[in-house]
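Given next are the chains, with one letter for each unit.
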Amino acid sequence: MVVVLELAGVRKEFQRADGSVRSVLRNVVMQVPAGRVLVLLGENGCGKTTLLRIIDGSVPCDAGTVRVNGVDISAWPQFRRAGQVTMVGQAREASLAQSLTVEENLLVATARTHQWIGSLRDGRSRRAVDAALTRADGRLAPLRTSQVRSLSGGEHQLLAVMLAAHIVAQLGVAGTAFLLDEHVAHLDPDAAGLVLDFTRACVIEFQLACVLVTHDLETAIRIGDRVAVMAGGVIA
């Protein structure tokens with residue numbers, strides 16, 4: 001198995017208002033191969049989301065290294081990690097443009113991975129969007145002209161996962177870290193199951209190295225190739 005995502009000795013501390021220091025991550029070591037899902041279970045505040053944010057570059061680590069495909073990206077700003085790292089969370093506004101339609105979200109993402117004007121003029125972007133909408137058994141195809149803000153929770157998260165996988169497909173990147181921050185926590189069981197199954201299919205098809213954080217054991221069992229517990233700032 002090819003290791004795509006690798007963390008070594010990652011540490012993070014935050015300073016409290018009273019000047020004391022809280023150690024959130026302590027010497028975290030982790031490897032995730034292509035096409036596999038590592039599930040991190042843990043209570044709120046144990047450092048799961050902080051770890052994801054260190055991987056995606058929105059929070060700097062105090063020590064240690066983050067490598068994707070053997071390249072140390074620890075010092076890279078978040079924008080530079082695009083294509084190497086993609087993330088889906090719970091917040092609707094974070095992953096999709098709510099005022100745009102389903103098709104427009106996918107179209108913008110497609111055009112950004114090519115030359116903007118050229119890909120729109122010669123139809124490459126629209127063909128790529130048509131192909132993307134056949135995924136997940138075509139469940140989002142009838143909603144292609146619907147504004148994202150009108151989607152149900154399950155439809156929204158299905159599109160968020162589709163968009164992330166779609167960008168990877170258009171970039172043609174070999175090995176991408178795919179981070180999921182409790183992306184089905186607010187969904188009913190049926191919708192959550194649908195999104196998890198589609199997520200799993202994308203991980204396998206595009207050989208993503210997936211890290212999913214959750215506190216729900218059923219989610220972990222359904223999608224995880226490996227399940228680990230995070231406590232006291234370390235992965236047990």
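Residues numbered from 1 in each chain as written. Predicted model: local features only at pLDDT ≥ 70, side-chain atom pairs only at ≥ 80, totals over all residues. Heavy atoms only, no water.

(A) Spotlight on the packing of helix α5 (residues 124–132) against helix α6 (residues 153–171). Axis separation between α5 and α6 bottoms out at 11 Å; the angle between their running directions is 130 degrees. Put simply, α5 runs oblique to α6. Note on packing geometry: the crossing formed by α5 with α6 is right-handed. Contacts between α5 and α6 involve Ala 128, Val 129 and Ala 132 on the former and, on the latter, Met 162, His 166 and Gln 170. Looking at the contact of α5 with α6, its residues break down into four nonpolar, two polar and no charged. (Axes fitted to C-alpha atoms, helices over the stretch in contact; angles between N-to-C directions. Helix = DSSP H or I, 4+ residues; strand = E, 2+ residues; numbered from the N terminus. Parallel < 35°, antiparallel > 145°, perpendicular 65-115°, else oblique. Left-handed = near helix turned anticlockwise from the far one by under 90°. Contact = heavy atoms within 4.5 Å. Nonpolar A, V, L, I, M, F, W, Y, C, P; charged D, E, K, R; others polar.)

(B) The arrangement of unusual backbone geometry in detail. The phi dihedral of Asn 69 is positive, around 55 degrees, even though this residue is not glycine. Mapped onto the elements, Asn 69 comes out in the loop between β4 (63–68) and β5 (71–72). Unusually for a residue other than glycine, Asp 137 sits at a positive phi of about 60 degrees. Along the chain, the position of Asp 137 falls in the loop between α5 and α6.

(C) A look at the nonpolar core. Leu 106, Leu 159, Met 162 and Phe 178 are the most contacted members of the largest nonpolar core, which has 42 residues in total. Broken down by secondary-structure element, the contributors of at least two residues to this core are β3 (36–41), α3 (102–112), α5, α6, β7 (177–181), α7 (189–205), β8 (209–214) and α8 (217–223). Ranked by the residues each element gives to this core, the list is headed by α6, at nine residues. Ignoring any residue separated from it by four or fewer positions in sequence, one finds Leu 106 in contact with Val 129, Ala 132, Leu 133, Leu 159, Met 162, Leu 163 and His 166. (Core = buried A, V, L, I, M, F, W, Y, C linked by side-chain atoms within 4.5 Å. Buried < 20%, exposed > 50% of the residue type's maximum accessible area, 1.4 Å probe, protein only.)

(D) Quick peek at the layout of surface pockets. Within this model, the largest pocket holds a volume of roughly 950 Å³. Along the walls of the largest pocket sit 33 residues, with Thr 86, Met 87, Ala 94, Ser 95 and Ile 167 positioned nearest its centre. Counting residues per element, the ones that place at least two in the lining of the largest pocket are α1 (48–56), β6 (85–88), α2 (92–95), α3 and α6. Of all the elements, α6 adds the most residues to the lining of the largest pocket, at six residues. When grouped by side-chain class, the residues that make up the lining of the largest pocket number 18 nonpolar, ten polar and five charged. (1 Å grid on protein atoms, 1.4 Å probe; cavity = no way out; pocket = protein on both sides within 12 Å on 5 of 7 lines; lining within 4 Å. Points joined across faces, edges and corners; volume = space filled by probe spheres on them.)

(E) Structural view of the pattern of salt bridges. Counting across every chain of the model gives seven salt bridges. Where salt bridges share partners, they join Glu 103, Arg 126, Asp 130 and Arg 144 into one cluster. (Salt bridge = Lys/Arg side-chain N within 4 Å of Asp/Glu carboxyl O.)

(F) Inspection of the sheet that holds β6 at higher detail. In spatial order, the strands read β6-β7-β8-β3-β9-β10; together these six strands make up an open sheet with mixed pairing. Both outer strands of the open sheet, β6 and β10 (234–235), are each paired with one neighbouring strand and no more. Here β6 pairs with β7 via four bridges, running parallel. Paired with Val 88 across the strands is Leu 180, a residue of β7. The strands touched by α1 are β3, β6, β7, β8, β9 (226–231) and β10; relative to β7, the strand with the most contacts, the crossing angle is about 150 degrees. (Pairing = 2+ DSSP bridges.)

(G) Representation of the packing of α6 against α7. Packing of α6 against α7 brings their axes to within 9 Å, and their N-to-C directions diverge by 5 degrees. Looking at the two axes, α6 sits roughly parallel to α7. Of the residues in α7, those touching α6 at Gly 154, Gln 157, Leu 158, Val 161, Met 162 and Ala 165 are Ala 191, Leu 194, Val 195, Phe 198, Thr 199 and Cys 202. Residues of the contact of α6 with α7, tallied by class, amount to nine nonpolar, three polar and no charged.

(H) Summary view of the sheet that holds strand β2 (residues 21–33). What the four strands build is an open sheet, ordered β2-β1-β4-β5; its pairing is antiparallel. With partners counted over all chains shown, the strands left at the sheet margins are β2 and β5, one partner each.

(I) Region of the structure containing α7. Taking 1.5 Å per residue, 17 residues should reach 24 Å; α7 reaches 24 Å between its end C-alpha atoms and fits that length. Of all the positions in α7, only Ala 191, Ala 192, Gly 193, Val 195, Leu 196, Phe 198, Thr 199, Cys 202 and Val 203 are classed as buried. Residues of α7 that are buried sit in contact with β3, α6, β7, β8 and α8. Sitting at the head of α7, Asp 188 places a side-chain oxygen 3.0 Å from the backbone nitrogen of Asp 190. Looking at the residues trailing α7, positive phi occurs at Gln 207, about 55 degrees. (Expected span 1.5 Å × (residues − 1). Polar contact = N/O pair within 3.5 Å; in protein donor to acceptor, adjacent residues only side chain to side chain.)

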